[in-house]
Amino acid sequence: MDVFCGIDWAEGHHDVAITDNTGKLLAKCRIDDDLDGYQLLLDLLADHGDSTEAPIPVAIETSRGLLVATLRTGARQVFAINPMAASRYRDRHGVSRKKSDPGDALVLANIIRTDMPMHRPLPDDSALAQAVAVLARAHQDAVWNRQQIANQLRSLLREYYPAALEAWRHKAGGLTRPDARKILAAAPTPATAAELPLWKLKVTLHSAGRKRGINEDAEKIQTLFRQPAARQLPAVEEAMGIQAKALLAQLNAVCKAVDELAKAVERTFRAHPDAPIMLSFPGIGAQVGARLLAEIGDDRTRFATAGGLKAYAGAAPITRASGKRRYVGRRFVKNNRLNHAGYLWAFATLTHSPGANAHYRRRRENGDCHAQALRHLFNRMLGQLHHCLLHRCHFEEGTAFPSPVPTG
């Protein structure tokens, strides 16, 4: 007799339902989100035939957490069901739109009972690949947080301190640069900035790690700070300066986190066996490579074909056809992290691979916009990456982008 388990998870407790292959409810219970609760769940599964040789498949609406880590020990298949898909399945069991946590657990068990081939179990990635995923995603989140705080600071400076924005407008990194943060901390208001002597500006730039162009930049910044400009009332300006210093403290903390996470990501990624293959591709460095590995994983059975990987990344187009109407366009449901890393990869490839650049130019000449051409290039490069990872070979420019055969 086949047995299936569904778990409706929450923050403090989880509802469990176990059914047989006819849909009959065999057992249900509520467990706490702690070690005793996890052990109670494992004992319940064992009572209904769960073993190392024949583990009971489990459906749950998340792919993360200690409960999932506990369930993934051994060869058990764990299916992470999208909550929206589970909601649609719920309508099959009743039209009154009633909802309860035990009922949702039963729905999840029935999903894999009836449609298991339509859903993929969580990939069997190695511990090192999972560690890369944790660090790469944390680094990406930190980068996004850094930009968010920098945007808040920029918006504030526009209201009372435009000279600070002008000083680093054309510098890479903008307000996130160490020298920009150092000088803003020393002079958070236009009044204090106008009083900064040239020698202090030079010392501040040097303490921020600058090695070249210190004299020229110090003179330029001093000139900007001392130019006549519209000002807020003194009390308002002082209050905004305090607010700017508070945002600077947050920005300094997240910039430090970005730097530390970047080092940890590179160290962990380079220790993975797939790293040499991925780094052989043009446009892939340690950070982009780690983000790609984090989302692709190292379970080679996860994507049977390159087409599945391309669809997962949002690189392959999607077709919607009904009656006389047929539409082919980009995917909106995709792995957004992988898609974002793919955009960075494709863009960097343009300056590192003549074949990739030629492919991009051909797409632009055929009418694609910049984003479309990059997405098409990402689609092609992703297929090549899938092939190289599957066959354990490195990227070769001549094989990936063969020279066109002349027509005589």
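Residues numbered from 1 in each chain as written. Predicted model: local features only at pLDDT ≥ 70, side-chain atom pairs only at ≥ 80, totals over all residues. Heavy atoms only, no water.

Requested: an account of the overall build of the chain, with residues and values cited.
For the chain, the count of helices and strands is 18 helices and seven strands. At 28 Å, the chain has a C-alpha radius of gyration far larger than the 22 Å of a compact globule built from 408 residues. Oriented by its inertia axes, the alpha-carbon framework of the chain measures out at about 85 × 75 × 50 Å. Across the 408 residues of the chain, 42% fall into the buried class. Put simply, 60% of the contacts in the chain that link residues at least 6 apart link residues at least 24 apart. Taking the average location of the 55 positive side-chain charges in the chain and that of its 41 negative ones, the two points are 10 Å from each other. (Helix = DSSP H or I, 4+ residues; strand = E, 2+ residues; numbered from the N terminus. Rg over C-alpha atoms; globule rule 2.2 N^0.38 Å. Buried < 20%, exposed > 50% of the residue type's maximum accessible area, 1.4 Å probe, protein only. Contact = heavy atoms within 4.5 Å. Lys, Arg positive; Asp, Glu negative; His and termini not counted. Charge placed at Lys NZ, Arg CZ, Asp CG, Glu CD.)

Would you mind going over the nonpolar core in detail, with residue names and values included?
A general feature of soluble globular proteins is that nonpolar side chains tend to end up buried together. Phe281, Leu292, Ile296, Trp345, Leu382 and Leu385 are the most contacted members of the largest nonpolar core, which has 40 residues in total. For this core, the secondary-structure elements that each account for two or more residues are helix H5 (127-160), helix H11 (234-270), helix H12 (275-279), helix H13 (286-296), helix H14 (306-313), helix H15 (336-349), helix H16 (354-365) and helix H17 (370-391). For this core, the element with the highest residue contribution is H17, accounting for nine residues. Leave out the neighbours within four places in its chain, and Leu292 touches Met278, Ile284, Gly297, Leu338, Ala341 and Trp345. In terms of nonpolar packing, the next biggest core, distinct from the first, is built from 33 residues, Leu157, Leu175, Ile221 and Val254 among them. (Core = buried A, V, L, I, M, F, W, Y, C linked by side-chain atoms within 4.5 Å.)

Before we move on, can you summarise the pairing of strand S3 (residues 25-32) with the specific residues and values?
In this structure, strand S2 (residues 13-20) lies alongside S3, joined through seven bridges in antiparallel fashion. Bridge pairing links His14 to Ile31 in S3. With antiparallel pairing between neighbouring strands as the criterion, S2 and S3 make up a hairpin whose turn holds four residues, including Gly23 at a positive phi of roughly 95 degrees. (Pairing = 2+ DSSP bridges.)

Provide a residue-level description of the sheet that holds S2, including the pertinent values.
Reading across the sheet, the five strands line up as S3-S2-S1-S4-S5 and stay open at both edges, with mixed pairing between neighbours. Edge positions in the open sheet fall to S3 and strand S5 (78-80), since each of these has one partner strand only. In this sheet, adjacent strand axes meet at a mean angle of 20 degrees when their direction is disregarded. Bridge count for strand S1 (residues 3-9) against strand S4 (residues 58-60) is three bridges, and the pairing is parallel. Directly across from Gly6, in S4, lies its bridge partner Ala59. Along the sheet face, helix H1 (residues 35-47) touches S1, S2 and S3 and points at about 165 degrees away from the line of S3. Against the sheet, helix H4 (residues 101-115) engages S1, S2, S3, S4 and S5, with an angle of about 140 degrees to S1. (Axes fitted to C-alpha atoms, helices over the stretch in contact; angles between N-to-C directions.)

Could you give me a rundown of the pattern of salt bridges, with the residues and numbers involved?
Counted by the stated rule, this structure contains 17 salt bridges. With a shortest N-O distance of 2.8 Å, Glu166 and Arg169 are connected by a salt bridge. A relative accessible area of 32% means that Glu166 is categorised as partly exposed. Between Asp274 and Arg392 there is a salt bridge, and its shortest N-O distance comes to 2.7 Å. Here Asp274, found in the loop between H11 and H12, pairs with Arg392, found in the loop between H17 and helix H18 (397-400); they are 118 residues apart in sequence, far enough to count as distant. Overlapping salt bridges bring together Lys171, Arg177, Asp179, Arg210 and Asp217 as one network. (Salt bridge = Lys/Arg side-chain N within 4 Å of Asp/Glu carboxyl O.)

I'd love a proper account of the side chain of His272, names of residues and values included.
Checked against the element boundaries, His272 lands in the loop between H11 and H12. Within polar-contact distance, the side chain of His272 engages the side chain of Asp298 at 2.9 Å. Dropping the residues within four chain positions of it, His272 is found in contact with Ser126, Leu128, Ala129, Leu293 and Asp298. (Polar contact = N/O pair within 3.5 Å; in protein donor to acceptor, adjacent residues only side chain to side chain.)

Please provide a residue-by-residue account of a nonpolar patch on the surface, values included.
The grouping of Tyr343, Leu344 and Phe347 at the surface amounts to a nonpolar patch, some 280 Å² of accessible area in total. Position of Phe347 relative to the elements: it lies in helix H15. (Patch = residues over 30% accessible without salt bridge, like charges linked within 9 Å, V, L, I, M, F, W, Y side chains within 5 Å. Areas by Shrake-Rupley, 256 points an atom, 1.4 Å probe, with all protein chains shown as cover.)

An account of helix H7 (residues 178-186) is needed here, citing residue identities and associated values.
Listing the buried residues of H7 in full gives Asp179, Ala180, Arg181, Ile183 and Leu184. On its buried side, H7 packs onto H5, helix H6 (162-167), helix H9 (198-207), helix H10 (214-226) and H11.

Requested: an account of a negative patch on the surface, with residues and values cited.
Taken together, the side chains of Glu11, Asp32, Asp33, Asp34 and Asp36 define an acidic patch exposed on the protein surface. Note that Glu11 resides in the loop between S1 and S2.

Tell me about the side chain of Asp8, residues and numbers included.
Of note, Asp8 is situated in strand S1. Not counting chain neighbours up to four residues away, the residues in contact with Asp8 comprise His13, His14, Asp15, Glu61, Asp101, Asp104, Ala105 and Leu108.

Help me get a handle on the state of the cysteines, residues and values and all.
The final tally for this structure, using the stated rule, is zero disulfides. No disulfide involves Cys5; its sulfur sits 8.3 Å from the nearest other cysteine sulfur, which is in Cys29. Looking at Cys5, the relative accessible area reads 0%, which means it is buried. Sulfur of Cys388: no disulfide; nearest cysteine sulfur belongs to Cys393 and is 3.9 Å away. For Cys388, a relative accessible area of 6% puts it in the buried group. (Disulfide = S-S within 2.5 Å.)

Talk me through the packing of aromatic side chains; I want residue IDs and the actual numbers.
Applying the stated criterion across every chain yields a total of six aromatic pairs. Residues Phe303 and Tyr312 carry aromatic rings whose centres are separated by 5.3 Å and whose planes lie at 50 degrees to one another, so their mutual orientation is tilted. Under the relative-accessibility criterion, Phe303 is labelled buried at 5%. Aromatic rings pair up to connect Phe281, Trp345, Phe378 and Phe395 into one cluster. (Phe/Tyr/Trp six-rings, centres within 6.5 Å; stacked < 30°, edge-to-face > 60°.)

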